[in-house]
Each structure stands twice: as structure tokens, then as C-alpha cells.
Amino acid sequence: MAEIGSAFLPVITVIILFMSYLNEDVTKILNPLGFILYIYVVINFATVLLFPHGLYSDSVNEMSTRIEYSWFLGYRNPQVRVLLPAVSISFILDIVKYERVKLKSLFLLLISIITIVLIKSSTALIGFSVFIMIYIFRMKWNIRVKPIWFILYNVAFFFGIIILRLQNIFGFFIVDVLHKELTFTGRTFIWDQALLKVLRHPLIGNGTTEFPIGSYFVATHPHNFILYLLVKGGLIGFSLFAVA
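For every chain, the first residue of the written sequence is number 1, and numbering continues from 1 along that sequence. Only residues with pLDDT of 70 or above have their local features reported here, since the model is predicted, and side-chain atom pairs are shown and tallied only from 80 upward, although totals for entire chains, interfaces and linings are computed over all residues. Water and hydrogen atoms play no part in the side-chain values, which are based on all heavy atoms of the structure.

**Focus on the pattern of salt bridges**
Line of reasoning, step 1. When a carboxyl oxygen of Asp or Glu lies within 4 Å of a side-chain nitrogen of Lys or Arg, that pair is called a salt bridge. This model, assessed by the stated rule, comprises 2 salt bridges.
Line of reasoning, step 2. Across the pair aspartate 192 and arginine 165 runs a salt bridge, and its minimum N-O distance is 2.7 Å. Placement of the pair is aspartate 192 in helix α8 (residues 187-200) and arginine 165 in the loop between α6 (147-163) and α7 (171-177), with a sequence separation of 27 residues.
Line of reasoning, step 3. According to the relative accessible area criterion, aspartate 192 is partly exposed, its value standing at 34%.
Line of reasoning, step 4. Between buried and exposed lies partly exposed: a residue is buried under 20% and exposed over 50% of the maximum accessible area for its type, with that area taken using a 1.4 Å probe on protein chains only. Residue class for arginine 165 comes out buried when judged on its relative accessible area of 16%. Runs of H or I in DSSP of at least four residues are treated as helices and runs of E of at least two as strands, each being numbered from the N terminus.

Here is the structure:
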């Protein structure tokens, strides 16, 4: 319980602070946060350019023996957790203050995309592609993006890919054209283990998550948000989240 609390308390704190300023001037909290993240992204970009094979080597997580190259923001895939919020906040501040996106935010977007290309993070690249699509829809055609869209997308992905494994239908395109694996770099094995955990404790979940892949790597999350909720809190926890 302490582990779960320490992981989510900073996130909850930021959300509460953000919500408390919504009725006032949201830039009061976004300005310092955006500035810090901007500096982080620039420093990380510099380390990627100067040290293409990694600034240092480290294990992917505390339960893994697999060593990966890392940079200022750490291992390649988790970097999107800083890069995407940094770009999003910079865009929001520009639109609130100037009603348009300024050059500094476009520069931040550019170096973020170059970063994820150089470190070869497919996960981050997909995240930024979705972000750019949403921005284009919202600004060019004035389409209001609704939160329900993201919920429906996650539900469709959950049943289509994780449960039904529809990616096998597009095997030729994924393997021969994109040169990727149908397992999504071993993620299907993690999903299988996670689904078994859900079936063992469907109501209250399992709390902590560990998914061994071979003898050298242990994933600490199931790589899908809905599956993560089901593994952590079961149907009860998922229902509470859905209602909230």
C-alpha cells in the first residue's frame, strides 16, 4: 500500500494544484512547471546529441537485470512522460497568453520529436503522433476534443488487441513492412500474465505488479491502462475509476 501511495501521491498533488487554479489564473502554476520541464527537455536533448550511445547505463527497473542506455531523462520509453507534458503545457500557455503557438513551443516540439527518433522510442513516437493529430483537429477545424474519445479508444484497443489479438490479421504489414514483432516487443507475453492475474482475483485485484519475461527482465506494469486498473484494483477498482 505504501508503494502504491508513493507512486501516485505526487500525481494526485499536481492534479489538485491544477484544479485549484482553474477558477483563477491557471498560468500561475503552469508557468514555473512549464519552465522547469522546458529546461529538462533541452538538457536531455543535449545529452542525446553528445552521447548517442547513452549518457550512462542502468537497469530498466529495480527488478530487472537487463541493462539499457539512458540519458538525462532516463531510459528511452519513459522519457515521453516528461516530453509530452512539457510540449502540452508550453502550447497551453501560448494559447492562453497569445492565442497562438509561438516559436519557442514549436522548437520544443521539434527537439522532442528529434529526441524520440534518435533514441528509437516507438512508444513516444506514437504518443506524439496522437498529440499532433489532436492539435490539428482542434485548431484547424475547431473540433472540440472530448475525454470520452480517449476512453473509447482505450476500450477498443483493449478488446481488439489485448483480448482478440487482431494485430495478427495485419501480420504481413507489421512484420514485413514495418519490421516490427507481432508480440510488440514482448508485450503480448506481459498481457497474458496480467490477464491471468486478473482472473485469479477479479474483484479486488492484486495490488503490486510483476511480470517476468525470461530470466533477465521483469516488467513492472502491464503496458495498458485498463489492464493496469484491473490488475491493481480488480473490477471494484476499475468501477470506481470509471465512475469518477
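**Considerations on the packing of α8 against helix α9 (residues 225-243)**
Line of reasoning, step 1. Where α8 contacts α9, the axes come no closer than 9 Å and their chain directions differ by 40 degrees. Here α8 is positioned oblique relative to α9, judged by the angle of their axes. In this structure, α8 meets α9 at a crossing whose hand is left-handed. Counted together, Trp191, Ala194, Leu195, Lys197 and Val198 of α8 and Leu227, Leu230 and Val231 of α9 form the full contact between these two elements.
Line of reasoning, step 2. For this scheme, ten residues count as nonpolar: Ala, Val, Leu, Ile, Met, Phe, Trp, Tyr, Cys and Pro. Four count as charged, namely Asp, Glu, Lys and Arg, and the remainder, Gly too, count as polar. Among the residues making up the contact of α8 with α9, the classes are represented as 7 nonpolar, no polar and 1 charged. Angles run from 0 to 180 degrees between N-to-C directions of axes, and those axes are lines fitted to C-alpha atoms, restricted for helices to the stretch in contact. Angle categories: roughly parallel below 35 degrees, roughly antiparallel above 145, roughly perpendicular from 65 to 115, and oblique for all the rest. Left-handed describes a crossing whose near helix is turned anticlockwise from the far helix through less than a right angle; right-handed describes the clockwise counterpart. In what follows, a contact means two residues having at least one pair of non-hydrogen atoms within 4.5 Å.

**Overview of the nonpolar core**
Line of reasoning, step 1. Judged by nonpolar contacts, the single largest core of 24 residues is most densely connected at Leu30, Val41, Leu83, Val87, Phe91, Leu108 and Phe128.
Line of reasoning, step 2. Listing elements by their share of this core, those giving two or more residues are α2 (27-50), α3 (80-98), α4 (103-118) and α5 (122-140).
Line of reasoning, step 3. A total of 8 residues in this core trace back to one element, the largest contributor, which is α3.
Line of reasoning, step 4. Other than its neighbours up to four places away in sequence, phenylalanine 128 contacts Val80, Leu83, Leu84, Val87, Leu109, Ser112, Ile113 and Ile116.
Line of reasoning, step 5. If you look at the next biggest cluster of nonpolar residues, it comprises 10 residues, including Phe158, Ile162, Trp191 and Ile226. The term nonpolar core refers to a set of buried residues drawn from Ala, Val, Leu, Ile, Met, Phe, Trp, Tyr and Cys, joined through side-chain atoms within 4.5 Å.

By themselves these figures say nothing about function.
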